[in-house]
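For reference, the chains in residue letters:
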Amino acid sequence: MLVVTRLRTPSADVAAESELRSGLLVALGILASKPGYVGGEVGRNVDDPTLWALTTRWENVGSYRRALGSYEGKMHIQPLMVHALDEPSAYEVVEEGTDLNEAQPRSLG
């Protein structure tokens, strides 16, 4: 699975940008140490330098959720999410011959 989290610096000043950049790099290091992590990177938008992205790849959605729910995830990654844009971030990887997930309501039982 692919996770794309876009974040915006709280203000357009060098200190805020530096703090978010540092936090994202620490977050990437934490995620990289977790089981199921396949790869990832931090990026900054070329047209809007206040817009950042944390992209990661995982073996499955459970690995990603466990990584975020870990002690390190709760302490260091979740506080960064206050800067995240409110949009879906988890994607399935589309490859030739794979079946895609179908949107279905969750069962209540």
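Below is a short write-up of the structure. If you're wondering where the values come from, they're calculated on a predicted model, not measured in any experiment.

**Observations concerning helix α2 (residues 61-69)**
Part 1 of the argument: Of the residues making up α2, those classed as buried are S63, Y64 and A67. With its buried residues spanning 100° around the axis, α2 presents them on a single face. For α2, exposure combined with an orientation more than 90 degrees from the buried face picks out R65 and R66.
Part 2 of the argument: Buried positions along α2 lie against β1 (2-8), α1 (14-32), β3 (51-58) and α3 (71-77).

**Structural notes on the pairing of β3**
Part 1 of the argument: Within β3, seven of the eight residues are buried, leaving the element largely enclosed by the surrounding structure.
Part 2 of the argument: With seven bridges joining them, β1 and β3 adopt antiparallel strand pairing. Opposite V3, over in β3, you have T56 as the bridge partner.
Part 3 of the argument: Where strand β2 (residues 37-44) and β3 come together, seven bridges link them in antiparallel fashion. Bridge pairing in β3 places E41 opposite T55.

**Focus on the packing of aromatic side chains**
Part 1 of the argument: The tally for this structure, following the rule as stated, stands at two aromatic pairs.
Part 2 of the argument: Taking 5.4 Å as the distance between ring centres and 80° as the angle between the ring planes, the aromatic pair formed by Y37 and W58 counts as edge-to-face. Residue Y37 is located in strand β2, and its partner W58 is located in strand β3; the two are separated by 21 residues in the primary sequence.
Part 3 of the argument: The class for W58 is buried, based on a relative accessible area of 3%.
Part 4 of the argument: With a centroid separation of 5.8 Å and an interplanar angle of 55°, the aromatic rings of W58 and Y64 are classed as tilted. Side by side, W58 and Y64 carry an identical accessibility label, which is buried.
Part 5 of the argument: Chaining the aromatic ring pairs together yields one cluster made of Y37, W58 and Y64.

**Re the pattern of salt bridges**
Part 1 of the argument: The final tally for this structure, using the stated rule, is four salt bridges.
Part 2 of the argument: K34 is paired through a salt bridge with E72; the nearest N and O atoms lie 2.9 Å apart. With K34 in the loop between α1 and β2 and E72 in helix α3, the pair connects residues that are 38 residues apart, well separated along the chain.
Part 3 of the argument: Take E72: its relative accessible area is 32%, and that puts it in the partly exposed class.

Cut-offs used in this document
Residues numbered from 1 in each chain as written. Predicted model: local features only at pLDDT ≥ 70, side-chain atom pairs only at ≥ 80, totals over all residues. Heavy atoms only, no water. Buried < 20%, exposed > 50% of the residue type's maximum accessible area, 1.4 Å probe, protein only. Helix = DSSP H or I, 4+ residues; strand = E, 2+ residues; numbered from the N terminus. Arc of directions from axis to C-beta. Contact = heavy atoms within 4.5 Å. Pairing = 2+ DSSP bridges. Phe/Tyr/Trp six-rings, centres within 6.5 Å; stacked < 30°, edge-to-face > 60°. Salt bridge = Lys/Arg side-chain N within 4 Å of Asp/Glu carboxyl O.

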